[in-house]
Amino acid sequence: MTTATSAHPVDEVPPARQLAAFGLQHVLAMYAGAVAVPLIVGGAMKLSPADLAYLITADLLVCGIATLIQCVGFWRFGVRLPIMQGCTFAAVSPMVLIGTTGGGLPAIYGSVIVAGLAIVLLAPVFGRLLRFFPPLVTGTVILIIGVSLLPVAGNWAAGGAGAEDFGAPKNVALAAFVLAVVLGVQRFAPAFLGRIAVLIGITVGLAVAVPFGFTDFGGVGDADWLGVSTPFHFGAPVFQASAIISMLVVALVTMTETTGDLIAVGEMTGREVKPRSLSDGLRADGLSTVLGGVFNTFPYTAYAQNVGLVGMTRVRSRWVVAAAGGMLVLLGLLPKLGAVVAAIPAPVLGGAGLVMFGSVAASGLRTLARVDFKGNDNLTVVAVSVAVGMLPVGVPTVYEKFPDWFQTVMNSGISAGCLTAIVLNLLFNHLPGRARSLSEPQGLPVGGVEKGVEQPREEVV
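Calculation notes
Residues numbered from 1 in each chain as written. Predicted model: local features only at pLDDT ≥ 70, side-chain atom pairs only at ≥ 80, totals over all residues. Heavy atoms only, no water. Salt bridge = Lys/Arg side-chain N within 4 Å of Asp/Glu carboxyl O. Helix = DSSP H or I, 4+ residues; strand = E, 2+ residues; numbered from the N terminus. Buried < 20%, exposed > 50% of the residue type's maximum accessible area, 1.4 Å probe, protein only. Contact = heavy atoms within 4.5 Å. Core = buried A, V, L, I, M, F, W, Y, C linked by side-chain atoms within 4.5 Å. Expected span 1.5 Å × (residues − 1). Axes fitted to C-alpha atoms, helices over the stretch in contact; angles between N-to-C directions. Parallel < 35°, antiparallel > 145°, perpendicular 65-115°, else oblique. Nonpolar A, V, L, I, M, F, W, Y, C, P; charged D, E, K, R; others polar. Left-handed = near helix turned anticlockwise from the far one by under 90°. Phe/Tyr/Trp six-rings, centres within 6.5 Å; stacked < 30°, edge-to-face > 60°.

Description of the pattern of salt bridges
Part 1: For the coordinates displayed, the defined rule picks out five salt bridges.
Part 2: Its salt-bridge partner being Arg76, residue Asp280 comes within 2.8 Å of it at the nearest N-O pair. With a gap of 204 residues between them, Asp280 in helix α11 (residues 275–294) and Arg76 in the loop between α2 (49–71) and β1 (85–87) connect regions that are remote in the sequence.
Part 3: You can call Asp280 buried: its relative accessible area is 6%.
Part 4: We note a salt bridge from Arg370 to Glu267, for which the minimum N-O separation is 3.4 Å. In this pair, Arg370 sits in the loop between α15 (346–368) and α16 (378–394) while Glu267 sits in helix α10 (residues 241–269), placing the two residues 103 residues apart along the sequence.

Quick look at the structure:
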């Protein structure tokens with residue numbers, strides 16, 4: 001075992017007490033998003049409460065296993081960075097469509113298994129495309145990831161989408177209180193407490209929320225102590241061509257999003273994501289997705305909210321997130337513990353989410369600060385990519401008249417913005433452009449190569 005002085009911060013193993021605190025912080029940051037996917041899909045299919053509970057516990061179990069594969073890694077599976085895994089929202093609409101048009105859960109799981117295998121096979125191809133992700137593209141994608149997540153935090157702060165008291169002043173006040181606690185701890189508390197500012201904010205917010213009636217622990221008493229997910233609980237998988245095609249489109253979107261998240265964490269932790277490590281990370285996504293289809297859950301991807309938490313806390317150890325993965329496994333095996341975490345009110349998560357998601361956007365700006373914007377079209381690349389990425393966030397129904405496959409790709413602001421940034425970078429910085437006129441002033445859009453496209457990343461840094 002390497003010593004603390006020789007190990008990279010990503011590989012350092014903090015003391016057990018810190019592992020537990022930092023790991024719990026990551027679990028709380030992603031829990032609401034993790035359980036949202038099975039709730040949405042199961043609700044649309046009108047599953048019974050017992051089946052819904054089964055979907056949630058199966059999801060938490062595989063979330064934990066997927067996180068351990070990504071962080072710890074084995075052979076050529078896992079990027080070995082602090083990456084938290086969870087169900088992708090890009091698959092929600094196709095899965096609801098498959099499940100409610102006669103295919104049911106078996107057809108969903110058949111398409112998920114095929115999509116996972118496709119990701120494993122395509123991972124090396126995506127790894128070789130890393131040269132098309134210079135700081136111009138990665139900074140833009142990270143910025144879009146952070147900004148596109150802010151409405152999620154806003155919905156939480158207002159009480160949670162669909163809540164009867166959505167937007168009530170008391171909800172916003174609780175979220176603002178949690179935000180103030182997080183900022184106060186980070187600014188004035190000792191260094192260690194500053195690194196768990198989000199956990200402290202959520203804990204203090206929960207303590208305030210209970211006496212004011214924000215939360216209900218009634219579900220804790222109803223939950224079972226032990227629950228084990230068995231393969232193909234809802235029946236053997238069914239392989240329908242239309243379902244598989246739609247899920248393969250989701251797989252491409254997921255790979256694009258995961259690529260952006262992996263590069264973002266690599267930037268934050270100081271460990272460059274190279275083609276081989278990117279392929280390993282995507283391969284882990286594919287394996288986790290296959291496990292999802294076998295163990296009654298859904299496709300998996302890196303969770304951007306936890307990327308923001310890494311940037312905010314500056315805790316770079318992958319073993320912290322691995323500890324969070326172990327906690328998720330326990331939550332999946334012990335439904336009563338999961339019910340306790342589920343009782344945290346949405347405004348508490350919203351106050352913490354504003355800091356975390358804003359940190360992701362700020363990290364994107366920091367990456368873009370390394371890009372040369374003088375005498376080239378790089379500003380246009382950023383401007384148009386951010387605009388396209390924010391379009392479905394600001395106007396969710398903008399593509400509702402388009403085909404399903406198009407909506408799957410473009411309704412995700414992250415994938416839409418990422419694809420736009422890649423295409424525009426190729427257009428302006430890789431294809432031959434017009435010659436620069438000596439009479440043209442510096443700073444006008446006259447083409448040219450982006451600083452960092454032709455040079456290796458380490459030379460740019």
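So, the environment of Gly389
Part 1: The topology assignment puts Gly389 in helix α16.
Part 2: Residues Gly389 and Ser412, spaced 23 residues apart in sequence, show a C-alpha to C-alpha distance of 7.7 Å.
Part 3: Excluding residues that lie within four positions of it along the chain, Gly389 makes contacts with Ile144, Gly413 and Gly417.

Quick word on the nonpolar core
Part 1: Ile108 and Phe298 are the most contacted members of the largest nonpolar core, which has 111 residues in total.
Part 2: Once you skip the residues sitting within four places of it in the chain, Phe298 turns out to touch Val37, Pro38, Val41, Leu55, Cys87, Met95, Ile108, Tyr109, Val112 and Gly292.
Part 3: If you look at the next biggest cluster of nonpolar residues, it comprises eight residues, including Ala361, Val371, Val382 and Leu424.

Comments concerning α11
Part 1: Across its 20 residues, α11 extends 29 Å between first and last C-alpha, which sits within 8% of the 28 Å expected from 1.5 Å per residue.
Part 2: Along α11, 16 of the 20 residues are buried, which leaves the element largely enclosed by surrounding structure.
Part 3: Just downstream of α11, Asn296 is the residue with a positive phi angle, here 70°.

As for the packing of helix α5 (residues 135–157) against α10
Part 1: Relative to each other, α5 and α10 sit at 105°, their axes nearing to 9 Å. By the angle class used here, α5 and α10 are roughly perpendicular. Together, Thr138, Val141, Ile142 and Ile145 of α5 and Gly260, Asp261, Ile263, Ala264 and Glu267 of α10 make up the contact between the two elements.
Part 2: Its residues assigned to classes, the contact of α5 with α10 shows five nonpolar, two polar and two charged.

Some words on the packing of α5 against helix α18 (residues 413–429)
Part 1: Put simply, α5 and α18 touch, their axes get as near as 9 Å, and they point 160° apart. As the angle between them shows, α5 and α18 are arranged roughly antiparallel. Relative to α18, α5 is oriented so that their crossing is right-handed. For the pair formed by α5 and α18, the contact residues are Leu136, Val137, Thr140, Val141, Ile144, Ile145 and Ser148 on the first element and Gly413, Ile414, Gly417, Cys418, Ala421, Ile422, Asn425 and Asn429 on the second.
Part 2: Here the contact of α5 with α18 is built from residues that sort into nine nonpolar, six polar and no charged.

Some points on the side chain of Asp261
Part 1: In this structure, Asp261 sits in helix α10.
Part 2: When sequence neighbours within four positions are dropped, the list of residues in contact with Asp261 reads Ile83, Ile145, Ala302, Ala304 and Val307.

Digging into the environment of Leu278
Part 1: Mapped onto the elements of the fold, Leu278 is located in helix α11.
Part 2: A relative accessible area of 0% means that Leu278 is categorised as buried.
Part 3: Distance from Leu278 to Thr258, taken between C-alpha atoms, is 9.2 Å for residues 20 residues apart in sequence.
Part 4: Beyond its immediate chain neighbours, meaning those up to four positions away, Leu278 contacts Phe126, Gly127, Leu130, Thr259, Leu262 and Val273.

What to know about the packing of aromatic side chains
A ring pair, where both rings are aromatic, is described by two values, the distance of the centres and the angle of the planes.
Part 1: For the structure on display, the rule yields five aromatic pairs.
Part 2: The interplanar angle of 20° and the centroid separation of 5.2 Å between the aromatic rings of Phe74 and Phe77 together place this pair among those described as stacked.
Part 3: Classification of Phe77 by relative accessible area gives buried; the value is 12%.
Part 4: Where Tyr399 meets Phe402, the ring centres are 5.6 Å apart and the plane angle is 85°; that geometry is what we call edge-to-face.
Part 5: Cluster of aromatic residues (ring-pair linked, three or more members): Phe74, Trp75 and Phe77.

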